[in-house]
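Given next are the chains, with one letter for each unit.
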Amino acid sequence: MKSFLFTLLLFVLMLCAVITNTLFIDRLTRDMLILIDQLPGSAGEDGMPHLNRLDARWEKARKWVGLSVSSSDINRISDELISLRAFCKYGGNGDYITAREELRLAIEDLREFEIPLANLFFDK
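In this text the structure is predicted, and so the values were computed from the model without any measurement. Along each chain, numbering runs from 1 in the same order as the chain's sequence is written. Note on the predicted model: pLDDT of at least 70 is required for a residue's local features to be given, and 80 or more for side-chain atom pairs to be given and counted; whole-chain, interface and lining totals, by contrast, use all residues. Heavy atoms throughout the structure, all of them, feed into the side-chain values; hydrogens and water do not.

Caption draft 1: Region of interest: the overall build of the chain. Strands are runs of DSSP state E lasting at least 2 residues, helices are runs of H or I lasting at least 4, and numbering of each runs from the N terminus. When its secondary structure is counted, the chain shows five helices and zero strands. Listing each helix as α and each strand as β along the chain from the N terminus yields α-α-α-α-α. Against the 2.2 N^0.38 benchmark of 14 Å for 124 residues, the chain shows a C-alpha radius of gyration of 18 Å, more extended than a compact globule. Here the C-alpha coordinates of the chain stretch approximately 65 × 30 × 20 Å along the principal axes. Counting all 124 residues of the chain, 32% fall into the buried class. Charge assignment: positive for Lys and Arg, negative for Asp and Glu; neither His nor the chain ends contribute. In plain terms, the charge of a residue is placed at NZ if it is Lys, CZ if Arg, CG if Asp and CD if Glu. Within the chain, the 18 negative side-chain charges are centred at a point lying 9 Å from the centre of the 15 positive side-chain charges. As defined in this context, the radius of gyration uses C-alpha atoms, and a globule is described by 2.2 Å times the residue total to the power 0.38. Whether a residue is buried, partly exposed or exposed follows from its accessible area with a 1.4 Å probe, protein chains only, as a fraction of its type maximum: under 20%, in between, or over 50%, in that order.

Caption draft 2: Focus on the nonpolar core. As used in this record, nonpolar core signifies buried Ala, Val, Leu, Ile, Met, Phe, Trp, Tyr and Cys residues forming a set joined through side-chain atoms within 4.5 Å. The biggest cluster of nonpolar side chains holds 26 residues, and the ones touching the most others in it are L51, L54, W58, V65, I77, L84 and L103. Contributions of two or more residues to this core are made by α1 (2–37), α2 (48–65), α3 (71–90) and α4 (93–112). Those residues within four positions of L103 in sequence are excluded, and the remaining contacts are I36, L54, I77, E80, L81 and L84. The contact criterion used is simple: two residues touch if any of their non-hydrogen atoms lie within 4.5 Å.

Caption draft 3: Main features of the confidence of the model for the chain. Of all residues in the chain, 91% attain a pLDDT of 70 or more, and the chain-wide mean is 87. Taking the mean pLDDT of every element in the chain, the minimum, 57, falls on helix α5 (residues 115–121) and the maximum, 92, on α1. A residue's pLDDT is simply how confident the predictor is in it, with values from 0 to 100.

Caption draft 4: Main features of the environment of S78. Of note, S78 is situated in helix α3. Residues S78 and R62, spaced 16 residues apart in sequence, show a C-alpha to C-alpha distance of 9.2 Å. If near-sequence neighbours (up to four positions away) are discounted, S78 is found in contact with W58 and R62.

Caption draft 5: Representation of α2 in the model. Taking 1.5 Å per residue, 18 residues should reach 26 Å; α2 reaches 24 Å between its end C-alpha atoms and fits that length. In the structure, α2 departs most strongly from a straight axis at E59, where the bend amounts to approximately 25°. Within the sequence span of α2, burial applies to M48, L51, L54, W58, A61 and V65. Packing partners of the buried residues in α2 comprise α1, α3 and α4. One less than the number of residues in a helix, times 1.5 Å, gives the span that helix is expected to have. Working definition for bend: take the seven residues up to and ending at a residue and the seven starting at it, fit an axis to each, and measure the angle between the axes.

Caption draft 6: Structural detail: the environment of R53. If you trace the backbone, R53 turns up in helix α2. Note: C-alpha distance between R53 and M32 (21 residues apart in sequence) is 9.2 Å. With sequence-adjacent residues up to four places away left out, R53 is seen in contact with L35 and Q38. Within the structure, the side chain of R53 is placed 3.3 Å from the side chain of Q38, a separation counted as a polar contact. Think of a polar contact as two N or O atoms within 3.5 Å of one another; within protein, one of them needs to be a possible hydrogen donor and the other a possible acceptor, and neighboring residues in sequence only count if both atoms come from side chains. Within the structure, R53 has its side chain in polar contact with the side chain of H50 (distance 2.7 Å).

Take a look at the structure:
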């Protein structure tokens with residue numbers, strides 16, 4: 001009986017960890033997508049404060065995301081942020097818009113596998 005209760009407790013703890021992780025990734029990606037939407041429509045210095053907030057949000061969460069997301073997905077988002085910063089400051093509008101959309105796609109790909117579980121718990 002003790003082993004059954006221990007196994008049940010372990011199962012509940014693992015289930016709580018999975019649910020917590022799903023909610024964390026969902027909130028992070030939602031926040032980052034909102035910050036991307038706040039970026040200006042064209043390249044220039046006026047987008048840097050928004051980009052700094054986006055970068056700070058990612059760097060703050062990056063170590064926790066690494067616990068459940070592959071390093072290639074993490075590196076993709078980091079690389080896209082670097083590209084977006086470079087094109088915002090030095091590039092043309094076409095490059096900037098492309099980099100912004102590439103970052104959006106990388107974040108949506110990160111979110112893709114987490115959302116179905118989040119929808120079980122919250123009505124959006």
